Amino acid sequence: MSKAPKIQPLGDRVLVKTVEDQEQIKGGIYIPDSAKEKPQEAEVVALGTGAKNDKGEPQPFNVKVGDKVIVSKYGGTEVKFGDQSYTLLREDDILAIVG
Amino acid sequence: MSKAPKIQPLGDRVLVKTVEDQEQIKGGIYIPDSAKEKPQEAEVVALGTGAKNDKGEPQPFNVKVGDKVIVSKYGGTEVKFGDQSYTLLREDDILAIVG
Amino acid sequence: MSKAPKIQPLGDRVLVKTVEDQEQIKGGIYIPDSAKEKPQEAEVVALGTGAKNDKGEPQPFNVKVGDKVIVSKYGGTEVKFGDQSYTLLREDDILAIVG
Amino acid sequence: MSKAPKIQPLGDRVLVKTVEDQEQIKGGIYIPDSAKEKPQEAEVVALGTGAKNDKGEPQPFNVKVGDKVIVSKYGGTEVKFGDQSYTLLREDDILAIVG
Amino acid sequence: MSKAPKIQPLGDRVLVKTVEDQEQIKGGIYIPDSAKEKPQEAEVVALGTGAKNDKGEPQPFNVKVGDKVIVSKYGGTEVKFGDQSYTLLREDDILAIVG
Amino acid sequence: MSKAPKIQPLGDRVLVKTVEDQEQIKGGIYIPDSAKEKPQEAEVVALGTGAKNDKGEPQPFNVKVGDKVIVSKYGGTEVKFGDQSYTLLREDDILAIVG
Amino acid sequence: MSKAPKIQPLGDRVLVKTVEDQEQIKGGIYIPDSAKEKPQEAEVVALGTGAKNDKGEPQPFNVKVGDKVIVSKYGGTEVKFGDQSYTLLREDDILAIVG
């Protein structure tokens, strides 16, 4: 519905579009409200410039644009584009790919 | 009873199915309620993409799918699939294999 | 309107001109007031002398002067030049380039 | 009296059987109640898979099964097998071998 | 007005003469009272013996004696020489060179 | 008066016999009650198995059995053998050799 | 007036004789009471056995016995020898040499 914003994450950061609490993504994962460290479903929208190894070479990501992922609700930084929420977070804060 | 969800943990993370408090797994381990750092029985359901060493090669896991394990109750992130609880946690937070 | 101050950031620090809360930068990114870790739009004004690697060589930056960026509102150190606010912050505290 | 449980500790962890407070192990070591960091007598029951060095080789342990040891009372994770308490802890949390 | 004290900073430390709050240094930088991490103008008076790299060789400084700099007001250790305040701080706590 | 207990400290730990507060060891060092980080006189009774370097070789100790030392009163773990107090602590927590 | 105690500091530690608050050392440095991190004048009395590099070789100190130094008042551990206060502290906690 909303176009993805033109954001280039830096380093090992990733931009994800967060899924509304009411929805459930494909695969039927349900995130209980009572979860201690609240996870959240999201979709990868843009990858960063890449973390660099000791030689200064950017490292590949384990996720790709379009992946449905589980992230911690309280990790990263939220930005809005129109009505849609996005989150900028480090790839290591993505817990798993779903589906 | 419930099918395992299609979740691919990332990095050194592991997906485990947590065993109900009332049950006991094979081998008769009992987890006292009064334990200071509360451990919990669980079963390994999926392994992550693997932590990477300095050369970027994924490292093998010490556990395999199907292993009964002891994990800290408060470690990792809980997700639900139908009625079943799962936990995403780092392999180093698995204390031991049972049975 | 105001000339950039003559400030040479040190090491991996960057000087950015912070954008007023009321404004929005090109691309339509909107930063919600309720965001947990408040991000802020800014424009890169000066690059530091560069972080040094193990051999003492300064490393290149991922941003360049003129880039519109998203930074954490509470990161770095604020200085004023006339009526304009600037922030000195480490490059790793810049979350993304916009536009 | 109780058989050792079938537990395979992971990594540099060790399983020890904790000795009752009333008892004293061979050698006459007595642990004062007033001790600031409360130590506890225990017996090594099982060794872990071994911490790994940079090359991924498991490292040998300084203790062996059957060793009487002094551990910090509040370190590690307690599990029960029948009436007997066991503790899973990292080898570095074992302070000394006794006797 | 006051002679610089004979102080040889050690390691990566630098001695700076702090500028009075009322004054402004060349270039018109103004430090707002409301700044969260309060910066302060200062002038470099003496360089340390130099941080050492892995081979034990002292590393060069990015600042030189006489540089006008911006430092964090609450970093380092204040000493007085007559009526003049000085601060001993690590070079990494100097944010930028001004002018 | 009391025989030393048969304790083999592990790793870089050392067993010391703590000297009563009323006594003073040779050299006339006096530990003021008001000292912020309370030091305590002690005598080295047993050395550990040795910290290991990157190659797994145990490293030599700077102290030897019989050395009179100054340790932090609140460092390490206290154990009793008969009426005598002993402390298990890491060698780096020994501040100095006296006499 | 008082002889230096026979104390051999260990590792990178140094023994310093702390100067009374009322006195001022040569060079006219004055330590304001209101200083946030309270520094203190002292004189180096004994050097440690030396910190060791990766190869196990002891490293030289930047200070020598007799140097007048500025240390943080609350760093290190105070010991008394007769009426004179001494402090055992790590060399990195010495801020500067005076005079």
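Numbering of residues starts from 1 in each chain and follows the order in which that chain's sequence is written. As they are written, the chains are lettered A onward and the ligands numbered 1 onward, keeping that order. Note on the predicted model: pLDDT of at least 70 is required for a residue's local features to be given, and 80 or more for side-chain atom pairs to be given and counted; whole-chain, interface and lining totals, by contrast, use all residues. Heavy atoms from the whole structure form the basis of all side-chain values; hydrogens and water molecules are not counted.

J.: Lay out the overall build of chain A in plain terms, naming residues and giving numbers.
T.: Counting its secondary structure elements, chain A contains zero helices and eight strands. Only DSSP runs of H or I reaching four residues or more are called helices, and only runs of E reaching two or more are called strands; each is numbered from the N terminus. Start at the N end of chain A and walk to the C end: the helices and strands fall as β-β-β-β-β-β-β-β. The buried label applies to any residue whose accessible area, calculated with a 1.4 Å probe on protein chains only, is under 20% of its type's maximum; exposed applies above 50%, and partly exposed to all values in between. Relative to its full complement of 99 residues, chain A shows a buried share of 48%. Residue contacts are defined here by distance: any two heavy atoms, one from each residue, within 4.5 Å place the two residues in contact. Expressed as a percentage of contacts within chain A between residues at least 6 apart in sequence, the contacts between residues at least 24 apart total 68%. For the accessible areas, the method is Shrake-Rupley and the probe is 1.4 Å, while residue cover comes only from the protein chains on display. For chain A, the exposed area adds up to about 5,100 Å²; of that, 47% sits on carbon and sulfur atoms.

J.: How would you summarise the confidence of the model for chain A if you had to cite specific residues and measurements?
T.: Residues and elements named next belong to chain A. The predictor attaches a confidence to each residue, called pLDDT, with possible values from 0 through 100. Looking at chain A, the pLDDT average stands at 78 and 73% of residues meet or exceed 70. Within chain A, strand β8 (residues 94-98) carries the highest mean pLDDT (94), whereas strand β3 (residues 29-30) carries the lowest (54). Low pLDDT (under 50) marks residues 22-27, which in the prediction has 11 contacts with non-local residues, meaning those over four places away or in another chain. Counting contacts from residues 32-36, a segment whose pLDDT is below 50, to residues more than four positions away or on other chains yields seven contacts.

J.: Break down the pattern of salt bridges for me, with residues and values.
T.: Side chains that differ in charge, positive against negative, can pair when their charged atoms come close. Between Lys or Arg on one side and Asp or Glu on the other, a salt bridge is scored when a side-chain nitrogen of the former is within 4 Å of a carboxyl oxygen of the latter. Summed over all chains, the structure comprises 28 salt bridges over all chains. One salt bridge in this structure joins Asp 92 of chain C and Arg 90 of chain A, with 3.1 Å as the shortest N-O distance. Note that Asp 92 of chain C is positioned in the loop between β7 (84-90) and β8 (94-98) and Arg 90 of chain A in strand β7 (residues 84-90), a pairing that runs across two chains. A residue is classified by how much of its surface remains accessible, and Arg 90 of chain A, at 28% relative accessible area, is partly exposed. For the salt bridge of Asp 67 of chain G with Lys 64 of chain G, the shortest nitrogen-to-oxygen distance reads 3.0 Å. The buried category is assigned to Asp 67 of chain G, whose relative accessible area is 10%. Several salt bridges share partner residues, and in doing so they unite Asp 12 and Arg 90 of chain A together with Asp 92 of chain C into one network.

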